[in-house]
Amino acid sequence: MELTFIGGADGVTGSASLLTDTRLGLRALVDCGAHAERELVRPDGAPRLGFDARMLSCVFLTHAHRDHCGRLPQLHRAGFRGPVYCTEATAAMTRIALMDAAKFSREYDADDVEMIDFQPLDRRADFKFGQPMRLHGVAVTFHRSAHILGAVALTIAWRSRTSTRRSICFSGDIGGNTPGNPYQSLLAGQQTPGAVDYMVVESTRGAEPARPAHYKSAAGREQAWADVFADSDARGGGPVVVPCFAMHRAQELWFDLHRVLRHTAAGAPDAAGRPRWLSMDAPLAARMTDVYAELLTRRNEQGEQSPWRNPTLADRLWLADEAAVDAYLVDLWARVGRNRAPGGTLRAMHDPELSRVVALAGSGMCEGGRIVDFITDQIGNPAATIVLCGYAPPETGAGRLRRLIAGDWPSDTPLVLGKARIDPARIQARLVDFGDYYSGHGDIDALCRFVFEIDEPAPAATVFLNHGDSAMRAGFAAALHARAATKQPGDRPLADVVLPGTGEQHDLDAADQNAQAIRARLRAQALASLRRAD
């Protein structure tokens, strides 16, 4: 079995890894992500595939974010006709996202998206998380990663050239929720893989220190929102504008904000009797919400709740049982369509009766969409508040706003959001950064938990670090080496930590073959010694 890093090896976008085994006739791609960086010669900024798409057996898709799935239509256009294995949620949200992107793409169209053969493994009767399924001559196991709905890590096991059982785990993107502390709103905790020989692990936040405890607390996050609303009212109760990603972040925010407005003083009318109300002005997010509405309340034939759903919700919502949680969520998601301002959100922001609106809209990067209109309209309003709630590279609109919050933006340089150019001198709204409350990528504690936590004897694993810039990968590698050196009881031992480059190939069976050759040589030497002795 050979592993080739096609994309995402030395950056945080374009994730794609190729597994090839000629004995098994297997050529499997794990993820097929688009690149965030755009070049004039290639609209999606991606290099050529680097392999013949027609020869692929299948694709394993970890989740529905564009940097992991965004080039699937190009793959189809290049001749791939095999199955894309994933979860039901990932299939549904990927299809929605790619159909939306097809309207603006010069690389593919809606027909390419329609022809993708998604095969959700969790719809099969014999599927269970943590248990292998036989596909294309290998055993495949899914583990929930707590990143977004439907996201998984996956383990692939095979027999090496010496008939030794070997396995590799691909982390996809790792969320922060753990079984002991599922602090973010919707999802159950991260599952860790069992004994494996190799791991390919993301490193997006790998060099950053662990987040302080209040960022990993549902109560702390809700209190932070209540404080934002109290401050907003003290400054006149203007609009609260929240950029958000359509997939998962919008649904998390809707859950949290509905709860805060319903159960704290933040949701009460002000002295003038004006209500504070919540609006999601994001058509794509509304379509994604339909997937959440379906899959977070669905029960299996045994009546068990969704395996994706946060098991603490009944206690957190002060509800009697899971059936009451179902009813709560059904009503919650239905409000997405009902909570709309007559005449639109921009008009509501200027209506004295409706201006206490909490407006969610995309894009989360503030590179376009309705959110840019909302921000440019309100950034000069001293009563307004703009809350950033997700990761954004420094070169994006949201990244520039973060630099402004941190005091790193030059006062004589216009702030660019999409096509808008804002004079820093006219910025009077309060800017707040809630990114650490809502990061979909686990911190160093979550990453180390994924690598080290294991409840069975395990061989020493070789860990490949991908999906991170050079500083993040190097910092994470140092942390892994440091912890491995302590040999903590119960930790998975590490054989090596590797920082691969794009295009780099690794023969995953070579160690077995080398060991076999060494054993054969030692046996030959022993036999020769016996003959000489005779």
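So, the packing of aromatic side chains
Right, so step 1: Inspection of the entire model under this criterion finds 12 aromatic pairs.
Right, so step 2: Its end group placed over the ring of Phe-129, Arg-144 keeps NZ or CZ at 5.4 Å from the ring centre.
Right, so step 3: Taking NZ or CZ as reference, Arg-259 lies 4.8 Å from the ring centre of Trp-318, over its face.

Some details on unusual backbone geometry
Right, so step 1: At the junction of Gly-362 and Ser-363, the peptide bond is cis and its omega measures out at 10° in the coordinates.
Right, so step 2: Residue placement: Ser-363 occurs in the loop between β14 (357-361) and α11 (370-378).
Right, so step 3: With a phi angle near 55°, His-136 is a residue other than glycine that sits in the positive phi range.
Right, so step 4: In this structure, His-136 sits in the loop between β7 (133-135) and β8 (138-144).
Right, so step 5: On the basis of relative accessibility, which here comes to 31%, the residue His-136 falls in the partly exposed class.

With respect to the environment of Gly-503
Right, so step 1: Structurally, Gly-503 is set in the loop between β20 (494-498) and β21 (505-507).
Right, so step 2: The exposure class of Gly-503 is partly exposed, given its relative accessible area of 47%.
Right, so step 3: Not counting residues within four places of it along the chain, the set of residues in contact with Gly-503 comprises Thr-4 and Phe-5.

Details of the sheet that holds strand β9 (residues 152-159)
Right, so step 1: Pairing is mixed across the open sheet formed by seven strands, whose spatial order is β7-β8-β9-β10-β11-β19-β20. For this open sheet the edge positions go to β7 and β20, each flanked by a neighbour on one side alone. Sheet twist, expressed as the mean angle between neighbouring strand axes with direction ignored, is 25°.
Right, so step 2: On the sheet, helix α14 (residues 444-452) packs against β9, β10 (165-170), β11 (198-202), β19 (461-466) and β20 and is oriented at approximately 170° with respect to β11.
Right, so step 3: Those strands touched by helix α15 (residues 470-486) are β11, β19 and β20, and its axis lies near 160° from that of β19.

Considering α15
Right, so step 1: Taking 1.5 Å of rise per residue, the 17 residues of α15 would be expected to cover 24 Å, and the 25 Å separating its terminal C-alpha atoms lies within 8% of that figure.
Right, so step 2: If you check which residues of α15 are buried, you get Met-472, Arg-473, Phe-476, Ala-477 and Leu-480. The buried side chains of α15 occupy one side of the element, clustering within an arc of 130° when seen end-on. Across α15 from its buried face, at more than 90 degrees, point the exposed residues Ser-470 and Ala-485.

A short note on the side chain of Arg-221
Right, so step 1: In this structure, Arg-221 sits in helix α5 (residues 218-234).
Right, so step 2: Classification of Arg-221 as buried rests on a relative accessible area of 1%.
Right, so step 3: Polar contacts involving the side chain of Arg-221 include one to the side chain of Ser-185, which spans 3.3 Å.
Right, so step 4: If we ignore the near neighbours within four places in the chain, the residues touching Arg-221 are Tyr-183, Gln-184, Ser-185, His-214, Asp-256, Arg-316, Tyr-437 and Tyr-438.

Here's the deal with the confidence of the model for the protein chain
Any region with low pLDDT has predicted coordinates that should not be read closely.
Right, so step 1: Scored by pLDDT, the protein chain has a mean of 92; 94% of the residues are at 70 or more.
Right, so step 2: Overall, residues 37-42 carries pLDDT values under 50, and its contacts beyond four positions in sequence, including any with other chains, amount to 10 contacts.

A look at helix α12 (residues 397-405)
Right, so step 1: Taken together, the buried positions of α12 are Gly-397, Ala-398, Gly-399, Arg-400, Leu-401 and Arg-402.
Right, so step 2: On its buried face, α12 sits against α11, β15 (385-388), β16 (415-417), β18 (430-433) and α13 (435-438).
Right, so step 3: Looking at the residues trailing α12, positive phi occurs at Gly-407, about 80°.

Here's the deal with the sheet that holds β14
Right, so step 1: With parallel pairing, five strands are arranged side by side in an open sheet as β13-β14-β12-β15-β18. Here the strands that pair on one side only, and so sit at the sheet edges, are β13 (277-280) and β18. Averaged over all adjacent pairs, the angle separating strand axes in this sheet is 20°, with direction ignored.
Right, so step 2: Two elements, β13 and β14, share four bridges in a ladder whose sense is parallel.

So, the nonpolar core
Right, so step 1: One finds Phe-60, Leu-149, Ile-156, Ile-168, Trp-225 and Phe-434 to be the most contacted residues of the largest nonpolar core, which totals 84 residues.
Right, so step 2: Broken down by element, this core gets its largest block of residues, seven residues, from helix α6 (residues 249-263).
Right, so step 3: Setting aside residues up to four positions removed in sequence, Trp-225 forms contacts with Val-242, Leu-253, Leu-257, Val-260, Val-387, Cys-389, Phe-434 and Tyr-438.

Here we look at the pattern of salt bridges
Right, so step 1: For the structure shown, the criterion picks out 37 salt bridges.
Right, so step 2: Residue Arg-221 pairs with Asp-256 through a salt bridge whose shortest N-O separation is 2.7 Å. Taken as a pair, Arg-221 in helix α5 and Asp-256 in helix α6 lie far apart in primary sequence, 35 residues in all. For the pair shown, Arg-221 and Asp-256 are each scored as buried.

A look at the environment of Val-152
Right, so step 1: Topologically, Val-152 is positioned in strand β9.
Right, so step 2: Val-152 gets classed as buried once you look at its relative accessible area, which sits at 1%.
Right, so step 3: Sequence spacing of Val-152 and Gln-190 is 38 residues, and the spatial spacing of their C-alpha atoms is 9.0 Å.
Right, so step 4: Apart from the residues within four sequence positions on either side, Val-152 is in contact with Leu-61, Thr-62, Thr-87, Phe-129, Phe-142, His-143, Arg-144, Ser-145, Ser-171, Gly-172 and Trp-308.

Here's the deal with the pairing of strand β2 (residues 16-21)
Right, so step 1: Within β2, six of the six residues are buried, which leaves the element mostly enclosed by the surrounding structure.
Right, so step 2: The side-chain alternation of β2 yields two buried faces, one formed by Ala-16, Leu-18 and Thr-20 and the other by Ser-17, Leu-19 and Asp-21.
Right, so step 3: Here strand β1 (residues 2-7) pairs with β2 via five bridges, running antiparallel. Looking at the pairing, Glu-2 lines up with Thr-20 of β2.
Right, so step 4: Looking at chain direction, β2 and strand β3 (residues 26-30) are connected through five bridges and run antiparallel. Within β3, the residue paired with Leu-19 across the bridge is Ala-28.
Right, so step 5: The antiparallel hairpin formed by β2 and β3 contains four residues in its connecting segment, where Gly-25 sits at a positive phi of about 70°.

Rules used in this analysis
- Residues numbered from 1 in each chain as written.
- Predicted model: local features only at pLDDT ≥ 70, side-chain atom pairs only at ≥ 80, totals over all residues.
- Heavy atoms only, no water.
- Phe/Tyr/Trp six-rings, centres within 6.5 Å; stacked < 30°, edge-to-face > 60°.
- Lys NZ or Arg CZ within 6 Å of the ring centre and 35° of its normal.
- Helix = DSSP H or I, 4+ residues; strand = E, 2+ residues; numbered from the N terminus.
- Buried < 20%, exposed > 50% of the residue type's maximum accessible area, 1.4 Å probe, protein only.
- Contact = heavy atoms within 4.5 Å.
- Pairing = 2+ DSSP bridges.
- Axes fitted to C-alpha atoms, helices over the stretch in contact; angles between N-to-C directions.
- Expected span 1.5 Å × (residues − 1).
- Arc of directions from axis to C-beta.
- Polar contact = N/O pair within 3.5 Å; in protein donor to acceptor, adjacent residues only side chain to side chain.
- pLDDT = per-residue confidence, 0-100.
- Core = buried A, V, L, I, M, F, W, Y, C linked by side-chain atoms within 4.5 Å.
- Salt bridge = Lys/Arg side-chain N within 4 Å of Asp/Glu carboxyl O.

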